[in-house]
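Reading the structure
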Amino acid sequence: MAAAASSSSSSSSTSAAEERRGIPAAAFVEDVETYLRQSGLDVNASLSLLQERLQQYKIVEMKLLAQQRDLQAKIPDIHKCLDIVAALQSKNGSGEPLLTDYEVSEGIYSRARIEQTDSVCLWLGANVMLEYSSQEADALLKKNLENAKASLQVLVADLQFLRDQETITQVTIARVYNWDVHQRRMKEAIKES
């Protein structure tokens, strides 16, 4: 019994070490009977606890997928802004104006003639627009692009970790359920004989 308690404490410490950005790691259950005994739960309580954990994983997955969609939409926008700043910088020294079409409202465009300019205005969000020099805007946009790509990589790794935990939890649910069915059948076979 002492060995089981020490292995339980060591497995819980490895689970804490495997936690990723607040997402708890799911422990794979090899021996269902030992798992139930150590947890102090019956089969139904254990199954409902595991189902609840699975639902929590699903909720976190939906939030992460929404963040991923937002980042995947943000990266092309940053690329467009970088291209526009580069076009402005290339026309700046040539002496000729830049002719462009811009969106005034959804589906309504207007033509603009941009004379020589050393500054650009960037929309930062939350009804905030700031004027930057072309070089500062380029540097800021490149930094934002790097940050968005790095965040996307972390998010993809988090989603993979989360999917692994969902799979482990689903397998554990199946193992506990199947163990319970097997135990009931054995008890019925003993009663019949």
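See above for the structure.
Attention here is on the structure that accompanies the text. Not measured: the values here are computed from a predicted model.

**Here's the deal with the side chain of Ser134**
One can find Ser134 in helix H4 (residues 134–192). Looking at Ser134, the relative accessible area reads 5%, which means it is buried.

**Regarding the environment of Val60**
Mapping Val60 onto the fold places it in helix H3 (residues 43–92). By relative accessible area, which is 30% here, Val60 ends up partly exposed. Through-space distance from the C-alpha of Val60 to that of Ile23 is 8.3 Å; in sequence the pair is 37 residues apart. Beyond its immediate stretch of four places on either side in the chain, Val60 contacts Ile23 and Leu162.

**Examining the nonpolar core**
Grouped together as the largest cluster of nonpolar side chains are 24 residues, with contacts concentrated most on Ile23, Leu64 and Ala137. For this core, the secondary structure elements donating two or more residues are H3, strand S3 (119–125) and H4. Looking at this core element by element, the count peaks at 9 residues for H4. Every residue in contact with Ala137, bar those within four places of it in the chain, is listed here: Val85, Val120, Leu122 and Tyr132. Judged by nonpolar contacts, the second largest core, of 10 residues, contains Val29, Val32, Tyr35 and Leu36.

**Some words on the packing of helix H2 (residues 32–39) against H4**
At a closest axis distance of 10 Å, the pairing of H2 and H4 adopts a crossing angle of 100°. With respect to each other, H2 and H4 are oriented roughly perpendicular. On H4, the residues that touch Val32, Glu33, Tyr35 and Leu36 of H2 are Arg175, Val176 and Trp179. Split by residue class, the contact of H2 with H4 holds 5 nonpolar, no polar and 2 charged.

**What to know about the packing of H3 against H4**
Contact pair H3 / H4: the axes reach a minimum separation of 7 Å and the direction vectors enclose 160°. On the basis of their axis angle, the class for H3 and H4 is roughly antiparallel. Between H3 and H4 lies a crossing whose hand is left-handed. For the contact of H3 with H4, the per-class residue count stands at 27 nonpolar, 15 polar and 10 charged.

Rules of the game
Residues numbered from 1 in each chain as written. Predicted model: local features only at pLDDT ≥ 70, side-chain atom pairs only at ≥ 80, totals over all residues. Heavy atoms only, no water. Helix = DSSP H or I, 4+ residues; strand = E, 2+ residues; numbered from the N terminus. Buried < 20%, exposed > 50% of the residue type's maximum accessible area, 1.4 Å probe, protein only. Contact = heavy atoms within 4.5 Å. Core = buried A, V, L, I, M, F, W, Y, C linked by side-chain atoms within 4.5 Å. Axes fitted to C-alpha atoms, helices over the stretch in contact; angles between N-to-C directions. Parallel < 35°, antiparallel > 145°, perpendicular 65-115°, else oblique. Nonpolar A, V, L, I, M, F, W, Y, C, P; charged D, E, K, R; others polar. Left-handed = near helix turned anticlockwise from the far one by under 90°.

Keep in mind these numbers describe shape, not what the thing actually does.
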